[in-house]
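For reference, the chains in residue letters:
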Amino acid sequence: MAKQPSQQPQDESRRKFLKYSGTAIGGVVVGGVIGGIIGSNMKGGQKEPAAPPSETNTPAVPADRDYNQALMFFSQDQFLTTEAATERIFPQDDLGPGAKELGVAFFIDHQMAGGYGFNSRDYMSPPFYKAEASQGYQLTFKRRELLALGLDALNEYSNEKYKKTYAKMTPEEQDSVLTAFEKDEVNLKGVPASTFFTMLQNLTMEGVYSDPLYGGNKNMEGWRMRNYPGNQMSYTDQIDKEEFIKMEPLSLHDHLQLG
Amino acid sequence: MANTLPKVPIVIVGMGWVGGIIAAELTKAGHNVVGLERGKSRSTQDYYHVHDELRYASRYELMQDLSKETVTFRNTEKVRALPMRSYGSFLLGDGLGGAGVHWNGQYYRFLPYDFEIHSKTIERYGKNKIPKEMSIRDWGITYDELESYFVKYEQMSGISGPSELPDNIGKMSIPYATPPMKMSPGMKLFTDASSKLGYHPYIIPSANLSQDYTNPDGIERASCQYCGYCERFGCEYGAKADPVVTVLPVAQKSGKFELRTHANVTGILHDGKKATGVKYVNTLTGQESVQPADIVILAGYVFTNVRLLLLSKLGKPYDPTTDTGAVGRNYAYQVNGASSVAVYEDREFNLAMGAGALGSSLDDFNGDNFDHSDLKFIHGANIRFTQTGLRPIQYQPVLAGTPKWGKDFKQATIHNANRILAVSGQGASMPNRYHYLDLDPEYKDSLGLPLIRMTFDFLDQDRELVKFIAQKTKEIADQMGATKTEIHDTIRQYNIVPYQSTHNTGGTIMGSDPNTSVVNNYLQMWDAENVFICGASNFCHNSGYNPTATVGALAYRAAEGIEKYMKKGGSLV
Ligand SMILES: Cc1cc2nc3c(=O)[nH]c(=O)nc-3n(C[C@H](O)[C@H](O)[C@H](O)COP(=O)(O)OP(=O)(O)OC[C@H]3O[C@@H](n4cnc5c(N)ncnc54)[C@H](O)[C@@H]3O)c2cc1C
Ligand code: SF4
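Residues numbered from 1 in each chain as written. Chains lettered and ligands numbered in written order. Predicted model: local features only at pLDDT ≥ 70, side-chain atom pairs only at ≥ 80, totals over all residues. Heavy atoms only, no water.

Asker: So what's going on with the overall build of chain B? Residues and values would help.
Answerer: Of the regular secondary structure elements, chain B holds 11 helices and 22 strands. Taking 25 Å as the expected radius of gyration for a compact globule of 573 residues, we find that chain B reaches 23 Å, a close match to that expectation. Taking the principal axes of the C-alpha coordinates as reference, chain B spans close to 70 × 55 × 50 Å. Across the 573 residues that make up chain B, the buried fraction comes to 66%. Of the roughly 18,400 Å² of accessible surface on chain B, 49% is carried by carbon and sulfur atoms. With 58 positive and 60 negative side-chain charges, chain B shows a spacing of 3 Å between the two charge centroids. (Helix = DSSP H or I, 4+ residues; strand = E, 2+ residues; numbered from the N terminus. Rg over C-alpha atoms; globule rule 2.2 N^0.38 Å. Buried < 20%, exposed > 50% of the residue type's maximum accessible area, 1.4 Å probe, protein only. Areas by Shrake-Rupley, 256 points an atom, 1.4 Å probe, with all protein chains shown as cover. Lys, Arg positive; Asp, Glu negative; His and termini not counted. Charge placed at Lys NZ, Arg CZ, Asp CG, Glu CD.)

Asker: Can you explain the site of ligand 1? Please cite residues and give values.
Answerer: Residue and element names in this part refer to chain B. Close to ligand 1 lie 36 residues, the nearest being Val-18, Glu-37, Gln-106, Thr-304 and Thr-548. Backbone polar atom of Gly-98 to an oxygen atom of ligand 1: 3.5 Å apart, as the coordinates give it. Separating a nitrogen atom of ligand 1 from a side-chain N or O atom of Thr-548 is a distance of 2.7 Å. About the coverage of ligand 1: the protein hides 99% of its 1,000 Å² of free accessible area. When contributions to the shell around ligand 1 are tallied by element, the ones reaching two or more residues are helix H1 (17-28), strand E10 (263-270) and helix H8 (301-311). (Near = heavy atom within 4 Å. Polar contact = N/O pair within 3.5 Å; in protein donor to acceptor, adjacent residues only side chain to side chain.)

Asker: Can you explain the nonpolar core? Please cite residues and give values.
Answerer: By size, the foremost hydrophobic cluster in this structure holds 218 residues, and its most contacted members are Phe-181 of chain A together with Ile-22, Phe-90, Phe-303 and Met-454 of chain B. Residues contacting Ile-22 of chain B, with those up to four places away along its chain left out, are Ile-12, Ile-297, Cys-534, Ala-555, Ala-558 and Ile-562 of chain B. Val-343, Tyr-395, Leu-399 and Ile-420 of chain B belong to the second-largest nonpolar core, a separate cluster that totals 5 residues. (Core = buried A, V, L, I, M, F, W, Y, C linked by side-chain atoms within 4.5 Å. Contact = heavy atoms within 4.5 Å.)

Asker: Pulling in residues and values, what's your account of the site of ligand 2?
Answerer: Ligand 2 sits among Asn-208, Cys-224, Gln-225, Tyr-226, Cys-227, Tyr-229, Cys-230, Cys-235, Tyr-237, Lys-240, Gly-354 and Ala-355 of chain B. A per-class count over the shell around ligand 2 returns 8 nonpolar, 3 polar and 1 charged. (Nonpolar A, V, L, I, M, F, W, Y, C, P; charged D, E, K, R; others polar.)

Asker: So what about the confidence of the model for chain B? Which residues, and what values?
Answerer: On average, residues of chain B score 97 in pLDDT, and 100% of them reach the 70 mark or higher. For this predicted complex, the interface score ipTM comes out at 0.96, while the overall pTM is 0.93. (pLDDT = per-residue confidence, 0-100.)

Asker: Describe the environment of Gly-14 of chain B, and please don't skip the residues or the numbers.
Answerer: All names here are of chain B. Take Gly-14: it is sitting in the loop between strand E2 (8-13) and H1. The class for Gly-14 is buried, based on a relative accessible area of 10%. When near neighbours in sequence (up to four residues on either side) are disregarded, Gly-14 contacts Gly-19, Leu-36, Glu-37, Ala-299 and Gly-300.

Asker: So, the sheet that holds strand E6 (residues 202-203) of chain B: which residues are in play, and what are the values?
Answerer: Sheets are built from strands paired through backbone hydrogen bonds, the pairs being either parallel or antiparallel. All names here are of chain B. On the basis of which strands lie adjacent, the open sheet formed by 6 strands has the order E6-E15-E16-E17-E14-E20 and antiparallel pairing. Every other strand in the sheet has two partners, leaving E6 and strand E20 (484-488) as the edge strands with one partner each. Here 5 bridges tie strand E14 (residues 339-343) to strand E17 (residues 420-427), and the two strands are oriented antiparallel to one another. Within the sheet, the bridge partner assigned to Ala-342 lies in E17 and is Leu-421. (Pairing = 2+ DSSP bridges.)

Okay, structure coming up:
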């Protein structure tokens, strides 16, 4: 059969991709070289902060404002409760920022506003029966419903116990309330407390460690704290090295090559 | 109303590894083939922004949409099966290339023992070694008969592996297509430790290319970058062998292949003796079509293969109460859970780096490579250290006793992130009379058709296997120069929540008995000679290995069977 390259080196946007990284080698991908160059290009570019666009008439944006950040799903109270609870799950300490500073509550807000919050890719058809633990989630609540109920319950329980809303309590009090939810010691209007807690815990860790494009892991600080390099193009030259290699992380934004 | 299309010679249901291989082989031989795939089309350019753990690994971007179709599950017949509402113990492929796009590429030929497990067990230990309800059997084909088909898959996909292999696994007539992957420091520690113990470690054969490779069809692919975003992701380099960068371009180039995406097949049409075609629904428009065909090939993975037969009332459904029938029989899985971790307080490893198939493993406790006389299980596990690239959302390592959240959790996970090497067993799974697939009596897919129902659990055989293999992993980990080690040696019931592996097997098993197997050893259906069914659904049990080497070999075998069938102009081949 005639020699034919796989479709991958031929397609147009791949060629562009390679051109931008300065490495189109006769249409054939020579992996090691490309990977290495893309990796180092990106890193090199990263060190210098991007120059502001030169020809814009837009008035300067105040430095402390991020107009891309606001709420899509939460009320302000829900947001504050989430911020307080996730900060207890992943607190600030001498290693670095906690959930609050990393923007985890924004991450969760954005996730709940979209398909994930609506369980759009989950099987949510009835009937719903009581399940064995080995059969997994079998409740009727969508994630956004469970989260809203759980946050209400956090405040109601805090009010009962400490006469304060969740966000206003001391860290110790906040921990004791979360523990009660985790252990299912809370019985509030049928809210499945531990299921809510586990979901909040998972969302928190996703917000700490997902690509910053989703609103958390602010400035890649979550990654930096644990020496996670984010998404590099290639480790061909490092994979067999004995020593631990620290690198400045890269995010998907660093790979964006539009136009 | 259904729209009836002009008849075609061959129609394939599902365009993953099996569908892709068969499409390439048959079109190369000059036959016209229509490929039906329920998902969308794909190419490597879709993956320029693939290094996104949330989207691909946590939100399952490339997998089947469970809101449309899922599987129901129960541990035993005493319990009501309930739908797997979200992922999940296993992740189902969807779209061009199927799960072959987001797999790891760990490549293991099954052992010669696997294909003759029933006779070899009796030969060595006597009949009483096999528990009453354990339904192991010989496969109706031997390793030697499959050997040349393994070679075909290896040359096509460019498998990278060692030139010398231990004696305790099947012999190869032709070495792997490319040299083995690089060795990471963790692999060295595992290899040195297990060699010192007298075991026989080797670098895992890999479908991630160790170097640039041109295959016999002229397909060129680049080498792996050890990028750490492999399992659950597509490869932007085309370095990971997947159907979209290997076999499908060959089928497309032939001019004999017509691919229809968004085509969800809902039934096989037949007259009781032979299939006359398939029907499918366009998932975008809702239009139903009938595609008449001379030959129908099922390549839709285990659950679809079984479900379409049952929905179409083709073949004899398995009945566990009487132990008769065939379709749905011998569902098995993978018995993971035996592992030990080696924790290093004095050094860190580059564990974010890795490739899906990077690692070292040994088979001294796999198959029947060790004496089972005094053991309460048969078979065993491949024991391995893998370095697939640890990503932070999925990997938050804590040792026993650490809280699950809060300050101590944060400090422990950050401290441990690059200090733990895991040695684990990938255990074989034996079939049982009461483990099977059938149609769920209650739950339906988005078109109103019954979902497939799985009845499956871990039994004493599995718990004993895990306990034994775990001790071996501990023994190795203890030799790896770590500060301390920790063993995990207990599994309880099968739980569908945590991810374990997408190594589901059985349901349309092969064999030599038309009453209790679905296909012969050319994967041709006993009850309908123009239907070929191929995939891990043909496995009579699952070995202590990943399945795709054997799936790939069976696909080449099926392609040959189909050609034979066409030449003969009918009847069983
Ligand atoms: C995360 C992950 C990691 C894995 N790692 C490994 C590994 O390292 N080594 C290994 O050996 N194996 C591995 N596997 C398993 C491997 O992916 C499968 O064995 C292999 O893909 C099976 O090929 P297949 O063609 O039978 O099925 P698939 O690849 O799943 O393809 C089936 C295709 O059929 C389509 N289809 C299904 N039903 C219908 C229908 N009704 N109508 C139309 N189309 C339909 C699907 O959309 C899909 O595209 C892994 C799997 C996963 C999910
Ligand atoms: S690890 Fe290698 S094969 Fe896997 S996606 Fe990355 S470059 Fe491709």
